[in-house]
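A closer look at the structure
If you want the building blocks of each chain, they are given just below.
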Amino acid sequence: MNARLRQDAIVRSLRRNGTSTVSELAGEVGASRRTVLRDIGALRDEGFVIHSEPGRGGGLQLDPQSVQATARLSVAEVFALLISVASMRAAGSLPFSGLADAGLAKIERALPSDKLRDLRRFLDCLYVGELAPQVDISDMGALDPALLPAFETAFLDRLHIRFGYRDAKGSTSSRTVEPQAMLILPPLWYLVAWDPQRDDFRHFRMDRISKPEIVEGTNFRRRHVPFEEHVRPVRDLSR
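Here is a short report on the structure shown in this document. (Residues numbered from 1 in each chain as written. Predicted model: local features only at pLDDT ≥ 70, side-chain atom pairs only at ≥ 80, totals over all residues. Heavy atoms only, no water.)

**Some words on helix α1 (residues 3-17)**
- Here α1 contains 15 residues, and its C-alpha end-to-end distance of 21 Å stays within 8% of the 21 Å for a straight helix at 1.5 Å per residue.
- Within the sequence span of α1, burial applies to R6, Q7, A9, I10, V11, S13 and L14.
- Against β1 (19-20), α2 (22-29), α3 (33-45), β2 (50-52) and β3 (60-62) lie the buried residues of α1.
- After α1 finishes, the residue G18 shows a positive phi value of roughly 85 degrees. (Helix = DSSP H or I, 4+ residues; strand = E, 2+ residues; numbered from the N terminus. Expected span 1.5 Å × (residues − 1). Buried < 20%, exposed > 50% of the residue type's maximum accessible area, 1.4 Å probe, protein only. Contact = heavy atoms within 4.5 Å.)

**Looking at the pairing of strand β5 (residues 159-166)**
- In terms of burial, β5 is largely enclosed, as six of its eight residues are buried.
- Note that β5 and strand β9 (residues 209-219) share six bridges and pair antiparallel. Opposite L159, over in β9, you have N219 as the bridge partner.
- Relative to strand β6 (residues 172-185), β5 is paired through six bridges, and the arrangement is antiparallel. What sits directly across from R162, in β6, is T176. (Pairing = 2+ DSSP bridges.)

**Description of the packing of α1 against α2**
- Axis separation between α1 and α2 bottoms out at 10 Å; the angle between their running directions is 125 degrees. Judged on the interaxial angle alone, α2 and α1 are oblique. Crossing of α1 over α2 shows right-handed handedness. Taking contact as the criterion, the partners of R6, A9, I10, S13, L14, R16 and N17 in α1 are, on α2, L25, E28 and V29.
- A breakdown of the residues in the contact of α1 with α2 according to their chemical character gives five nonpolar, two polar and three charged. (Axes fitted to C-alpha atoms, helices over the stretch in contact; angles between N-to-C directions. Parallel < 35°, antiparallel > 145°, perpendicular 65-115°, else oblique. Left-handed = near helix turned anticlockwise from the far one by under 90°. Nonpolar A, V, L, I, M, F, W, Y, C, P; charged D, E, K, R; others polar.)

**What about the pattern of salt bridges?**
- As enumerated under the stated definition, the model contains 11 salt bridges in all.
- Note that D118 is salt-bridged to R121, the shortest N-O span being 3.7 Å. Pair noted here: D118 and R121 are both in helix α6 (residues 113-123), with a separation of three residues, about one helical turn.
- On the accessibility criterion, D118 (21% relative accessible area) is partly exposed.
- Among the residues examined, R121 registers a relative accessible area of 36% and is labelled partly exposed.
- Residue D207 pairs with R205 through a salt bridge whose shortest N-O separation is 2.8 Å.
- Through salt bridges with shared partners, a single ionic network connects D139, R205, D207 and R208. (Salt bridge = Lys/Arg side-chain N within 4 Å of Asp/Glu carboxyl O.)

**Examining the packing of aromatic side chains**
- All told, the structure shown has eight aromatic pairs when counted by the stated rule.
- Seen from their ring centres, F151 and F155 are 6.0 Å apart, and the 80 degrees between their planes marks the pair as edge-to-face. On the criterion of helical spacing, the pair formed by F151 and F155 is a turn pair, its members being four residues apart in helix α7 (residues 147-157). When sorted by exposure, F151 lands in the same class as F155, which is buried.
- Look at Y165 and F204: their rings are 5.1 Å apart centre to centre, the planes differ by 85 degrees, and that puts the pair in the edge-to-face class. (Phe/Tyr/Trp six-rings, centres within 6.5 Å; stacked < 30°, edge-to-face > 60°.)

**Quick look at a nonpolar patch on the surface**
- A surface patch of nonpolar side chains, about 210 Å² in accessible area, is lined by V135, I137 and M140.
- Assignment of secondary structure puts V135 in the loop between β4 (126-128) and α7.
- What makes V135 partly exposed here is its relative accessible area of 31%. (Patch = residues over 30% accessible without salt bridge, like charges linked within 9 Å, V, L, I, M, F, W, Y side chains within 5 Å. Areas by Shrake-Rupley, 256 points an atom, 1.4 Å probe, with all protein chains shown as cover.)

Here you go:
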């Protein structure tokens, strides 16, 4: 269990049980006492008020009015929210767009400066357009949940990404590419990448991508992607 999931579990346990000891929390999250104490310190730094009773058998108690002072969402999680809103707006199916935008703006304002910088860099790679009516979507499948975390690292650190790909005819291959943009043509999502083997841009339907992995030590340069006129950067969408 990573630190973030572990800390979320600690907060849930304290809210549920009222009082708990460090040893009890360590048993619940499968970590050492020292790790739990570090997690408690990190939670306090984020604004959670956690009282502790002195002594070996002393317990920990979360102030019921306690809330975190900063957003604990990752860049990928905030990006997922933003692109979900953008894709619904592009498809004309966002009835409460004003409320959605206001909520997302609050989340963005609460992000630490380094996360906000990464989020804006990530958003610069996102484009939205309209799907041509002749495109067959009858075989559309689910997206691999590992895609977005892998894309976050690949786009922000400009690293090659390797994945398995199934084309329209069902043939499979292994591809290693330079991810340059994400394109939403509702209801389809595409990875737009420079393919070094073909020396050209390629559009990969994201529901046909599987087992993405970062190729370390393979930095690439950002390229200008030639899009059709109807494709817009997501930042240009009216807020």
